[in-house]
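What follows is the residue order along each chain.
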Amino acid sequence: MASTPEEACFEAGIKFGALYHQFAGTPVSPESAPSLERAIEESIENQPYCERVSVTILEDRLDTSHGYTELTGEYMEVELAVAYEGAEVVASMEMADGYPLMRLDSVENAA
């Protein structure tokens, strides 16, 4: 059986999976980036145990030669926090060696 911190880490992974695979491919432009950031945050915050989500779309990196581009990990920085039965996990996503790496930044168990 998993420990409470392990369960909290699992929940963070679920949030990232939903976030990335739900929104990857969404058309985005510098003009629509702020509203898309809010939509992603509000969507993921609806999930159980999610305390907060912060999404930054890196507008200066968007290739908008056709007016927009598709959202991918290379255009996002994300941080989220999950609280599960006294454990809190903070996790983030950013590009590392050409890959959108999702990692645990901190795991605390207050229980």
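This text follows the structure it describes.
Residues numbered from 1 in each chain as written. Predicted model: local features only at pLDDT ≥ 70, side-chain atom pairs only at ≥ 80, totals over all residues. Heavy atoms only, no water.

**What to know about the overall build of the protein**
What the protein contains, in helices and strands, is 2 helices and 6 strands. Its helices and strands taken in sequence order, the protein reads α-β-α-β-β-β-β-β from the N to the C terminus. For the protein, the C-alpha atoms occupy an extent of roughly 50 × 30 × 20 Å along the three principal directions. Here the protein holds 111 residues, and 37% of them are scored as buried. Long-range contacts, defined as pairs at least 24 residues apart, comprise 52% of the intrachain contacts of the protein with a sequence gap of at least 6. Here the protein displays about 6,200 Å² of accessible surface, and carbon together with sulfur accounts for 47% of that area. The distance from the centre of the 5 positive side-chain charges to the centre of the 22 negative ones in the protein is 2 Å. (Helix = DSSP H or I, 4+ residues; strand = E, 2+ residues; numbered from the N terminus. Buried < 20%, exposed > 50% of the residue type's maximum accessible area, 1.4 Å probe, protein only. Contact = heavy atoms within 4.5 Å. Areas by Shrake-Rupley, 256 points an atom, 1.4 Å probe, with all protein chains shown as cover. Lys, Arg positive; Asp, Glu negative; His and termini not counted. Charge placed at Lys NZ, Arg CZ, Asp CG, Glu CD.)

**Topic: helix α1 (residues 4-23)**
Taking 1.5 Å of rise per residue, 20 residues should cover 28 Å, and α1 covers 29 Å from first to last C-alpha, within 8% of that figure. Taken together, the buried residues of α1 touch α2 (33-45), β2 (50-57), β4 (76-84), β5 (87-96) and β6 (99-109). Following α1 by one or two positions, Gly-25 has its phi on the positive side, about 95 degrees. (Expected span 1.5 Å × (residues − 1).)

**Re the pairing of β4**
Bridge count between β2 and β4: 7 bridges; the pairing is antiparallel. Bridging across to β4, Ser-54 finds its partner in Glu-79. Where β4 meets β5, 7 bridges bridge the pair, whose relative direction is antiparallel. Bridge pairing in β5 places Ala-83 opposite Glu-88. The antiparallel pairing of β4 with β5 creates a hairpin that spans 2 residues between the two strands, and Glu-85 there sits at a positive phi of about 45 degrees. (Pairing = 2+ DSSP bridges.)

**Re the pattern of salt bridges**
Evaluation of the coordinates by the stated rule reveals 4 salt bridges. Between Glu-11 and Lys-15 there is a salt bridge; the shortest N-O distance is 2.6 Å. Within this pair, Glu-11 and its partner Lys-15 are both found in helix α1, separated by 4 residues, close to a single helical turn. Since its relative accessible area comes to 14%, Glu-11 is described here as buried. Under the relative-accessibility criterion, Lys-15 is labelled buried at 1%. Here Arg-52 ties to Glu-79 by a salt bridge, and the two come within 2.9 Å at their closest N and O atoms. Of this pair, Arg-52 sits in strand β2 while Glu-79 sits in strand β4, and the two are 27 residues apart along the sequence. Residue classification places Glu-79 among the partly exposed positions, given a relative accessible area of 30%. (Salt bridge = Lys/Arg side-chain N within 4 Å of Asp/Glu carboxyl O.)

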